[in-house]
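# Per-entry structural report
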Amino acid sequence: MKRLGRSLNSALLHQSRQAQRTASAAPSQTQFIRTLSVLPSQAGAEKQHKQAWTQHLLRLGLGLGAGASLFAAYGGFSSSHCEQQASAGQTKTAQSGSRPIYSEDDVAEHATKDTGVWVTYQGGVYDVTNWVDQHPGGGARIMLAAGGAIDPFWAMYAQHKTAEVRKILETYRIGDLEGGADPSKQVADPYANEPKRHKALLVRSAKPFNAETPTDALGSGPSTPNELFYVRNHLPVPHVEPAAYSLRIEGEGLRHVELSLNDLKTKFKRHSVSAAMQCSGNRRHGMNEVKKIQGLDWDIGAIGSAEWSGVKLRDVLRYAGFDEDNSDGVAHVQFEGLDSDISGTCYGASIPIDKAMGSHGDVILAFSMNGRTLSTDHGFPLRLVVPGVTGARSVKWLSRIITSKEESQAHWQQHDYKAFSPGVTMDTVTEEDWRSAPALQESPVTSAICEPANGAQLEEGTEEVAGQWSLPRAVPLLLGALSTDDHLSSAHLS
């Protein structure tokens, strides 16, 4: 047998024309496989030597290639851009090795683009006027701190607190704050009340908390254990009192409705759907090995499968008066969560109305996961589950549903979770790029080898390979294939 290559570029999952014809009639579904039986080719069987298997992903369809740029919110800054603007940001020069001193009133006078945008951080004063429009999170976020301290915002978006970002910020420093940082204004940690997590999760960022499932747990069964299911948070986790919880439903073509958790459990028929959920950045680590891109360094574990139980979104929308035959141009359903930042901005996303009201009704307002009440990290007391669609649209801690002619205008729909060509970087992306690029919705076909482990040595012959795959729809897979460095081997699905 031959050595299994890292790229696995030739791996294919074959499906018949009949499967393609029936795909649109099948329910949207994403699921896992347990094992693959790998049969060596005749040429490979002629050689009796050990084979080094390399864990990697098999993929079919569009996907996000190694050169694609997928930008994550507040994932980092471009040092080359900042260095070019450093001189423009320094309005006063230091004399005799000391920096100018500014009072809080001085800083407060610089809160617009006309006056210049100044901010303070831990006793330093910075002129960030020329950086506002280039900020990955949007200029509006910086303007919230204009003329004052960015410390509270950096406490919220803790991914700023890296040596690289601090170095870039220093290129904009124009002086020191009079009296230095005020200890009495110490910023409280917005992540102080985070829930406890299983120690086996592979943490990719602590604040906000993001962690992936260990590889061993991915291939162990059709459902991922709740405690080991990957966690993707963008903001501090809200703690919700279920008795006080209320879901608002409103928008075009609807009457305003508010439903308690008990209303949802008693007024609507309960439904369950088995589906995988995947972060848009899953497998980014493999991409980074080819070309460094923006975002958390996820390996293959930002994916999980579960049985989600709750009520159908379309049932709730119909209850609120929505009529598919007289929708008056409604094209999207927007969602808001209870997680919010210091300015009160909550996490938001949207999906097309056709997905929300699809005949298979697989979009669920879930209050149960694998037969158990949702955990706090996974959206207690209620979350959206949109099978086959990137996980960013499955809003957790759901508080509001809005039918609209427009997509959600939330940052995560308009300035994040979009894919660009390899030539577009954080240095070159423009507002027009963001506007014209479609928001990610349907997930690509994805699979991963979980067993044998990366680098394991196997004897020549037939081997069982445990792994997982996911589909945006329920399309029957008839045959699989594994690529080695120089040929494809048949893989029987079981």
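Note that the structure is predicted; figures quoted are calculated from it, not measured. (Residues numbered from 1 in each chain as written. Predicted model: local features only at pLDDT ≥ 70, side-chain atom pairs only at ≥ 80, totals over all residues. Heavy atoms only, no water.)

## Quick word on empty space enclosed by the protein
A water-sized probe, rolled over the atoms, reveals where empty space remains. The tally for this structure, following the rule as stated, stands at eight cavities of 30 Å³ or more. Here the second largest cavity is characterised by a volume of approximately 210 Å³. If you trace the second largest cavity, you find 20 residues lining it, with Arg232, Arg383, Gly391, Ser394 and Lys396 closest to the centre. (1 Å grid on protein atoms, 1.4 Å probe; cavity = no way out; pocket = protein on both sides within 12 Å on 5 of 7 lines; lining within 4 Å. Points joined across faces, edges and corners; volume = space filled by probe spheres on them.)

## Some details on the nonpolar core
Grouped together as the largest cluster of nonpolar side chains are 43 residues, with contacts concentrated most on Ile249, Leu365 and Ile401. Those residues within four positions of leucine 365 in sequence are excluded, and the remaining contacts are Leu247, Ser309, Gly310, Val311, Leu313, Val316, Leu382, Arg383, Leu384, Leu398 and Ile401. Formed by 17 residues, the second largest nonpolar core is a distinct cluster that contains Tyr230, Cys279, Ala302 and Trp308. (Core = buried A, V, L, I, M, F, W, Y, C linked by side-chain atoms within 4.5 Å. Buried < 20%, exposed > 50% of the residue type's maximum accessible area, 1.4 Å probe, protein only. Contact = heavy atoms within 4.5 Å.)

## So, the pairing of strand β16 (residues 257-260)
Across the two faces of β16 the burial differs, with Val257 and Leu259 buried and Glu258 and Ser260 not buried at all. Where strand β15 (residues 246-251) hands over to β16, the hairpin turn is made up of five residues, of which glycine 253 adopts a positive phi near 80°. (Helix = DSSP H or I, 4+ residues; strand = E, 2+ residues; numbered from the N terminus. Pairing = 2+ DSSP bridges.)

## Focus: the packing of aromatic side chains
Under the criterion given, the structure shown has eight aromatic pairs. Their ring planes at 85° and their centres at 6.5 Å tell us that tyrosine 230 and tryptophan 298 sit as a pair that is edge-to-face. With tyrosine 230 in the loop between α8 (215-218) and β14 (231-232) and tryptophan 298 in the loop between α10 (284-288) and β18 (303-312), this pair connects stretches of sequence that are 68 residues apart. Tryptophan 298 matches tyrosine 230 in its accessibility class, with the two residues each being buried. Through pairs of rings, three or more aromatic residues link up here, namely Phe229, Tyr230, Trp298 and Trp308. For the cation-ring pair, arginine 255 lies above tyrosine 319, with the distance from its terminal atom to the ring centre recorded as 5.2 Å. Here the basic side chain of lysine 265 rests over the ring of phenylalanine 367, its NZ or CZ set 5.2 Å away from the ring centre. (Phe/Tyr/Trp six-rings, centres within 6.5 Å; stacked < 30°, edge-to-face > 60°. Lys NZ or Arg CZ within 6 Å of the ring centre and 35° of its normal.)

## A closer look at the pairing of strand β8 (residues 116-121)
The element β8 is largely enclosed, with a buried count of six among its six residues. Burial along β8 is two-sided: Gly116, Trp118 and Thr120 and Val117, Val119 and Tyr121, pointing in opposite directions, are all buried. In terms of strand pairing, strand β7 (residues 111-112) meets β8 through two bridges, oriented antiparallel. From the neighbouring strand, alanine 111 faces β8, where its bridge partner is valine 117. Here β7 folds back onto β8 in antiparallel fashion, the turn holding three residues.

## Quick notes on the sheet that holds strand β13 (residues 210-212)
Within a sheet, each strand pairs with its neighbour through backbone hydrogen bonds, oriented either parallel or antiparallel. The sheet built from three strands is open, its strands ordered β12-β13-β14 with antiparallel pairing. Looking at strand neighbours, the two that pair on one side only are β12 (202-205) and β14, the edges of this open sheet. Pairing between β12 and β13: three bridges, direction antiparallel. Pairing of serine 205 across the sheet is with asparagine 210, part of β13.

## Here's the deal with the environment of cysteine 346
Within the secondary structure, cysteine 346 is located in strand β20 (residues 346-352). Through-space distance from the C-alpha of cysteine 346 to that of alanine 410 is 8.2 Å; in sequence the pair is 64 residues apart. Discounting residues that sit within four places of it in the chain, cysteine 346 has contacts with Glu336, Gly337, Asp339, Ser340 and Trp412.

## Here's the deal with the pattern of salt bridges
Counted according to the given criterion, the structure contains 16 salt bridges. With its nearest N and O atoms 2.7 Å apart, the salt bridge here joins glutamate 227 to arginine 372. Remark: arginine 372 occurs in strand β22 (residues 372-373) and glutamate 227 occurs in the loop between α8 and β14; sequence separation between them is 145 residues. Assessed through its relative accessible area of 42%, arginine 372 is described here as partly exposed. The residue lysine 267 makes a salt bridge to aspartate 263 at a minimum N-O spacing of 3.9 Å. (Salt bridge = Lys/Arg side-chain N within 4 Å of Asp/Glu carboxyl O.)

## Description of the confidence of the model for the protein
Summing up the model confidence of the protein, the mean pLDDT is 78 and the portion of residues at 70 or higher is 75%. The model gives residues 1-96 a pLDDT under 50, and that stretch makes 299 contacts with residues more than four places away or in other chains. (pLDDT = per-residue confidence, 0-100.)

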